[in-house]
Amino acid sequence: MLPPPQPELSEPPAKKLKKNWTLEAVLGEDVTKPVPLIPVLTATVKDKRATSNLVKKLSNVLPLPNLQHLKRVNSSQHDGQTRILIILWELSQASLDIIKSMSPLSANLSIPRTAPDCHSRLAALGPDIDLDTAVEDQLTVAHVAKFQPHSRAQYEILKTCAGYWPTNFHPEKYLESQLSGVGHDMWTDLARGRVEQYMELCQASGGGVVMDPNTGAVIAVGMGTAELTSHPLHHTAMVLVDLVARSQGGGAWDHTADTQGLSFTPSDSLPSHDPEQTLNSSSLPASLSCVPSSGPYLCTGYDVYLWREPCHMCSMALLHMRVRRVVYCMVTKDGALGSVDMLHTREGLNHRYEVYRVRRGEGGVDCDILMCS
């Protein structure tokens, strides 16, 4: 059967700020797009009593390591009769093309069980399974979810697809709050007030701010200095990293110590954490970094606000500094957190931060013709 067209997921609602700006989470396409469908070959069970033995045998000789989120058996009603389908194996594109060539005019793709490749694979079931009495002669193509849906919206779309194959789904309360803004700490009055405050600072300088979300204290304020120093690495995020290092007694670039517009707060001058002002962390995922109880370490647990979307260099620098969240407004030509890449969603990273974008209303331009600076 040809895969049915899938509806697009609606854009997650962006929550308005007081200045007619809206805030939205920047999430990967594995969350924001419908779950893609992939082809599998299935057999129709003739003898219901053989279903259990078929599943056990198939699990041993023809496992589905990439489809553990699916139920191997799909039982449905057709004209008052129960129809049981069972997944045999995934189909490669080459195999699917061969099956299509055998029935080019049919919407329901199938192949004889006796076809050479099918026969050789099914022979692995051994003499314990009598295929002639257990399954129908024709094997059919079905399209199933490539991976387990992450969001309820993805799951609901899957269920509307023709030939829906049952899949596991476990809603993630935190992710759903990111998508809707309901019950998420970034959309509390306190957090939204901070977003407006710090984005105004960023807008004024075209730079950025590093802050401690537990106290609201500003750790560093700065902007890119590449034009001043003629140094290609002196982008806003890189300068902020050096300013944070200075706040902790370090710093590698001399000019960050006394350049106008750049400032930092020494760590020993920072306010202590006040429970009354600390954002509720009980519902936050464990993957989010938090400021160590022993005191500041790099940017661990800090949030970074940037006027322009950071490039790959800056995004990786923020990753290595172990920031908690990145919030930006203007997308850039080389932006790595939404424009040309979604670096924060890549697999294999040893640290992850969340990314949010502020969109401006009333005709405000949100796309910067410039690159990260």
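For the structure itself, look to the data block above.
This one's a predicted model, so the numbers in the text were calculated from it and none came from an experiment. (Residues numbered from 1 in each chain as written. Predicted model: local features only at pLDDT ≥ 70, side-chain atom pairs only at ≥ 80, totals over all residues. Heavy atoms only, no water.)

Explain the layout of surface pockets to me, and be specific about the residues and the numbers.
If a probe as big as a water molecule is rolled over the atoms, it shows which places are left empty. Approximately 730 Å³ is the volume attributed to the largest pocket. Forming the walls of the largest pocket are 23 residues, and the residues nearest its centre are L27, V31, H344, T345 and R352. Contributing elements (two or more residues each) for the lining of the largest pocket: helix 1 (29-32), helix 7 (173-180) and strand 13 (354-360). Among the residues forming the lining of the largest pocket, the class breakdown is ten nonpolar, six polar and seven charged. (1 Å grid on protein atoms, 1.4 Å probe; cavity = no way out; pocket = protein on both sides within 12 Å on 5 of 7 lines; lining within 4 Å. Points joined across faces, edges and corners; volume = space filled by probe spheres on them. Helix = DSSP H or I, 4+ residues; strand = E, 2+ residues; numbered from the N terminus. Nonpolar A, V, L, I, M, F, W, Y, C, P; charged D, E, K, R; others polar.)

Pulling in residues and values, what's your account of the nonpolar core?
One finds V210, V244, Y302, L318, V323, V326 and Y353 to be the most contacted residues of the largest nonpolar core, which totals 38 residues. Of all the secondary structure elements, the ones that give two or more residues to this core are strand 9 (217-222), helix 10 (236-247), strand 11 (303-308), helix 11 (312-320) and strand 12 (325-330). A per-element tally of this core places helix 10 first, with seven residues. (Core = buried A, V, L, I, M, F, W, Y, C linked by side-chain atoms within 4.5 Å. Buried < 20%, exposed > 50% of the residue type's maximum accessible area, 1.4 Å probe, protein only.)

I'd like to hear about unusual backbone geometry, residue by residue, with values.
In this structure, S230 is a non-glycine residue whose phi angle is positive, near 60°. Structurally, S230 can be placed in the loop between helix 9 (226-229) and helix 10.

Describe empty space enclosed by the protein, with residues and values.
Taken as a whole, this structure holds four cavities of 30 Å³ or more when the rule is applied. Quantified by volume, the largest cavity comes out at close to 60 Å³. Considering the residues around the largest cavity, the lining is formed by L37, H143, V144, A145, L158, C161, A162, G163, Y164 and W165. With three residues, strand 7 (residues 135-145) is the largest single contributor of residues to the lining of the largest cavity. Of the residues belonging to the lining of the largest cavity, the class tally is eight nonpolar, two polar and no charged. Approximately 50 Å³ is the volume attributed to the second largest cavity. Taken together, G206, G207, T236, A237, L306, R308, P310, C314, C372 and S373 make up the lining of the second largest cavity. Looking at the lining of the second largest cavity, the elements that each hand over two or more residues are helix 10 and strand 11. Its residues assigned to classes, the lining of the second largest cavity shows five nonpolar, four polar and one charged.

Describe the pairing of strand 2 (residues 21-25), listing the residues and the values that go with them.
In terms of burial, strand 2 is a largely internal element, five of the five residues being buried. Side chains W21, L23 and A25 project from strand 2 onto one buried face, and the interleaved T22 and E24 project onto a second face that is buried too.

Would you mind going over the packing of helix 10 against helix 11 in detail, with residue names and values included?
As a packed pair, helix 10 and helix 11 sit with axes 8 Å apart at the nearest point and diverge in direction by 25°. Considering the angle they form, helix 10 stands roughly parallel to helix 11. As for how helix 10 packs across helix 11, the hand of that crossing is left-handed. Judged by residue contacts, A237, M238 and V241 of helix 10 engage M313, C314, A317 and L318 from helix 11. (Axes fitted to C-alpha atoms, helices over the stretch in contact; angles between N-to-C directions. Parallel < 35°, antiparallel > 145°, perpendicular 65-115°, else oblique. Left-handed = near helix turned anticlockwise from the far one by under 90°. Contact = heavy atoms within 4.5 Å.)

Please provide a residue-by-residue account of the environment of L190, values included.
Looking at the secondary structure, you find L190 in helix 8 (residues 189-205). Judged by its relative accessible area of 34%, L190 falls in the partly exposed class. When the C-alpha atoms of L190 and G216 are compared, they prove to be 9.6 Å apart, with 26 residues separating the residues in sequence.

Before we move on, can you summarise the pattern of salt bridges with the specific residues and values?
Under the criterion given, the structure shown has 14 salt bridges. Here R152 ties to E156 by a salt bridge, and the two come within 3.8 Å at their closest N and O atoms. Remark: E156 and R152 occur in helix 6 (residues 152-160); sequence separation between them is four residues, near one turn of the helix. Judged by its relative accessible area of 38%, R152 is partly exposed. For E156, a relative accessible area of 35% puts it in the partly exposed group. R325 is the partner of E354 in a salt bridge, and the nearest nitrogen-oxygen pair spans 2.8 Å. Pair noted here: E354 is in strand 13 and R325 is in strand 12, with a separation of 29 residues, a long-range link. R325 carries the same exposure label as E354, and that label is buried. One continuous salt-bridge network, built from bridges that share partners, spans R113, D132 and D137. (Salt bridge = Lys/Arg side-chain N within 4 Å of Asp/Glu carboxyl O.)

Got a sec to walk through the sheet that holds strand 5 (residues 81-90)? Specific residues and values, please.
Strand order across the open sheet formed by five strands is 4-5-3-7-6, with antiparallel pairing between neighbours. Across the chains shown, the open sheet's two edge strands, defined by having one partner strand only, are strand 4 (73-78) and strand 6 (110-112). Each neighbouring strand pair of the sheet contributes to a mean axis angle of 35°, computed without reference to strand direction. Here helix 3 (residues 93-102) sits on the sheet and contacts strand 3 (37-45), strand 6 and strand 7; the angle it forms with strand 6, its principal contact strand, is near 85°. (Pairing = 2+ DSSP bridges.)

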